[in-house]
Amino acid sequence: MIMKAKVLHTVLRFLAVLTLMMAGGTRAVAQGDAVLTHYWVVPTYYNPGAAGDTDNIRLRGGMRAQWVGIDNAPRTFVACADSPFKLFGRKWGGGAVIQQESYGLFNNLTASLQLAFKQRIKPLRGELTVGLQAGVLNERFKGSEIYIPDDDDYHTSTDPALPGSDLSGSALDLGLGVYFVHPKFKAGVSLLHATSPTVTFSDTEGGSSSSGTTGEGSGTAGESAKNYQFQAPRTLVFTAEGNIQIKNTLFEVIPSLLVRSDFTYTDVAATARVRWRKMFSAGIGYRHSDAVSLMLGAEIKGIFVGYSYDYHISEISKASSGSHEIFAGYNLKLDFSEKNRNRHKSIRIM
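This structure is a prediction, so every number in the text was calculated from the model and none was measured.

## A word on the environment of G69
For step 1, the next point in the chain: For G69, the location among the structural elements is in the loop between β1 (56-65) and β2 (75-87).
For step 2, the next point in the chain: In this structure G69 comes out as exposed when scored by relative accessible area, which is 62%.
For step 3, the next point in the chain: Remark: the alpha-carbon pair of G69 and S320, spanning 251 residues in sequence, is separated by 5.0 Å.

## Focus on the nonpolar core
For step 1, the next point in the chain: Ranked by size, the top nonpolar core spans 18 residues in total, and within it L36, V42, Y45 and Y46 carry the most contacts.
For step 2, the next point in the chain: Other than its neighbours up to four places away in sequence, L36 contacts V42, Y45, Y46, R64, V78, R287, E325 and F327.
For step 3, the next point in the chain: Listed in part, the nine residues of the second largest apolar core include Y103, F141, L167 and F230.

## Section: the environment of N56
For step 1, the next point in the chain: Along the polypeptide, N56 turns up in strand β1.
For step 2, the next point in the chain: When the C-alpha positions of N56 and N331 are compared, they lie 5.8 Å apart, and in sequence the two are 275 residues distant.
For step 3, the next point in the chain: With near-sequence residues (within four places) excluded, N56 lies in contact with D82, S83, P84, N331, L332, K333 and L334.

## Overview of the pattern of salt bridges
For step 1, the next point in the chain: Enumeration over the complete set of coordinates arrives at 13 salt bridges.
For step 2, the next point in the chain: R58 is paired through a salt bridge with D53; the nearest N and O atoms lie 2.6 Å apart. For the pair R58 and D53, a shared accessibility class is recorded, and that class is buried.
For step 3, the next point in the chain: Shared partners join several salt bridges into a network, and the residues in it are R64, R287, D290, D310 and E325.

## Examining the packing of aromatic side chains
We describe a pair of aromatic rings using the distance from one ring centre to the other and the angle between the two ring planes.
For step 1, the next point in the chain: Tallying each qualifying case throughout the model produces eight aromatic pairs.
For step 2, the next point in the chain: Measuring from ring centre to ring centre gives 6.5 Å for W40 and F304, while their planes differ by 85°; the resulting arrangement is edge-to-face. With W40 in the loop between α1 (2-22) and α2 (43-46) and F304 in strand β17 (residues 303-312), the pair connects residues that are 264 residues apart, well separated along the chain.
For step 3, the next point in the chain: The class of W40 is buried, set by a relative accessible area of 13%.
For step 4, the next point in the chain: The ring centre of W40 lies 3.6 Å from the NZ or CZ of R273, which sits over that ring.

## Points about the side chain of T239
For step 1, the next point in the chain: Relative to the assigned elements, T239 resides in strand β11 (residues 235-242).
For step 2, the next point in the chain: Classification of T239 by relative accessible area gives buried; the value is 14%.
For step 3, the next point in the chain: Among all residues touching T239, those that are not within four sequence positions of it are Y46, Y179, K186, A187, G188, L257 and L258.

## A word on the layout of surface pockets
For step 1, the next point in the chain: In this structure, the largest pocket encloses a volume near 1100 Å³.
For step 2, the next point in the chain: Around the largest pocket, the lining is made up of 42 residues, and of these T54, R58, K186, E241 and R275 lie nearest the centre.
For step 3, the next point in the chain: The residue makeup of the lining of the largest pocket, split by class, is 14 nonpolar, twelve polar and 16 charged.

## Brief notes about the pairing of β2
For step 1, the next point in the chain: Two elements, β1 and β2, share eight bridges in a ladder whose sense is antiparallel. Among the inter-strand pairings, G62 is bridged to a residue of β2, identified as V78.
For step 2, the next point in the chain: Bridge count between β2 and strand β3 (residues 90-103): 13 bridges; the pairing is antiparallel. When the bridges of β3 are listed, F77 appears paired with Q100.
For step 3, the next point in the chain: A loop of two residues connects β2 with β3, the two strands running antiparallel in sequence, and F88 in this loop sits at a positive phi of about 55°.

Rules and cut-offs
- Residue numbering note: each chain is counted from 1, following its sequence as written.
- Note on the predicted model: pLDDT of at least 70 is required for a residue's local features to be given, and 80 or more for side-chain atom pairs to be given and counted; whole-chain, interface and lining totals, by contrast, use all residues.
- Think of the side-chain values as coming from all heavy atoms in the structure, minus any hydrogens and water.
- Helix and strand definitions here come from DSSP, where helices need a minimum of 4 consecutive H or I residues and strands a minimum of 2 consecutive E residues; each element is numbered from the N-terminal end.
- Accessible area is worked out with a 1.4 Å probe on protein chains only. A residue is then buried under 20% of its type maximum, exposed over 50%, and partly exposed in between.
- Definition used in this section: a nonpolar core is a set of buried Ala, Val, Leu, Ile, Met, Phe, Trp, Tyr and Cys residues joined via side-chain atoms within 4.5 Å.
- By definition, residues are in contact when any of their heavy atoms lie within 4.5 Å.
- One speaks of a salt bridge when a side-chain nitrogen belonging to Lys or Arg is within 4 Å of a carboxyl oxygen belonging to Asp or Glu.
- Centre distance within 6.5 Å is the pairing criterion for rings of Phe, Tyr and Trp, where only the six-membered ring of Trp is used; planes under 30 degrees apart are then read as stacked, over 60 as edge-to-face, and the remainder as tilted.
- To sit over a ring, a charge needs its Lys NZ or Arg CZ within 6 Å of the ring centre and within 35 degrees of the ring normal.
- Throughout, the protein atoms alone are placed on a 1 Å grid, and a set of points is a cavity if a 1.4 Å probe fits but cannot get out or a pocket if it is open with protein on both sides within 12 Å along at least five of seven lines; lining residues have an atom within 4 Å of a point.
- Grid points are joined across faces, edges and corners, and a volume is the space filled by probe spheres set on the points.
- In this classification, Asp, Glu, Lys and Arg are treated as charged, Ala, Val, Leu, Ile, Met, Phe, Trp, Tyr, Cys and Pro as nonpolar, and every other residue, Gly included, as polar.
- A pair of strands is considered paired only if DSSP assigns at least 2 bridges between the two.

And the structure:
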C-alpha cells in the first residue's frame, strides 16, 4: 500500500511540475487550433491517447461562435468519435477527429485518425495509453477578397506582396500522446503538429497552388509567382480531470484543466462543474487573460447536450458581446466482460 502511494505521488508531482513549466508564458493559440470552452467534452481533440478511454462508443460534435458582434470573427466546428476495441487479446482505442475553422480570409480543415495502445498499471490502479494520430491539415486563403481602402497609408491594392487569387494547400500532420486513467482522475500529455508541418502556397497569374499546412506566414515575390508559407508550430498540451464525490448526496464535483503551449506562448483554462445523478451539470470556467465562462449540460440515456457562454475580460469585450458554444453527442455502452463472450442461442430444427 505504501509503495502504491509513493508511485502515485511521484506521478502527480511530475504532472504538477509539467503544468507549472507550461504555464510560464502569456496566452496565445497556434493558428488552426480551436479555442474551446468544452475542451473536456472532446479529450481526443487534444490527445490521441484519450481514444477509447471509456467503455463507450463516443460521438461528440459542436460549434463555437467566437467574438459575436465582430465581422469575420472565428467560427469553429469540431467532431470527434472514438471507441475501445480488443485485438490480439489486448485492449486498444481508435478514433477520428475533424475540425473546420474560418477566421477572416482564412479557412482550415483538419482530419485525423487515431490509434491507441492500452496497458493496465496495477500498482496505480489505472490504465496507461500511448496514442498516435496521422491526418491532413488543409489551409485556404481567399486572396481574391482582399480589400485595401484607397486611403490606406501602409498598403495599396497593387502591393506585390499580396496574393491576387484564392490559395490552398495541405500537408501531413502527425501527433502523439500519453494518457492515464485512474478511478478518480484522468491526465495526459500530448504533442500536436509534431513535425511542425509547413504549407507553401504559390500565387501565379493562373492562381495555382502547391501543397503544405497552417500557421504563421510570410510572402516572397518571384518573377512569375509569389510564394507564401504557413507553419503549424509544435504544440504541447496537458489535460487533467478529477471526480470528487460529495458524501451522502447525489452530487459530484468535476474539476478540469487545460494547459497548451507552442513553446513561445501558453494558453491556460480551468473549469469546475457540479453534476447531479450523472445527468445534469452546471459549471464555471476561466481562461487566462481572456474570458470567464458559464456552462450547462445534460446527459440522459447516452445523449449529451451542452452549452457555454464566454464573457471576455480582455480588450476584445469592447467590441464583442461574448462567445457561444453548443455541443452534442451520444454514448453507446460496450461490454468487454468475459461472461458475455461466445454467448448465443442455438435452435435445431429436426
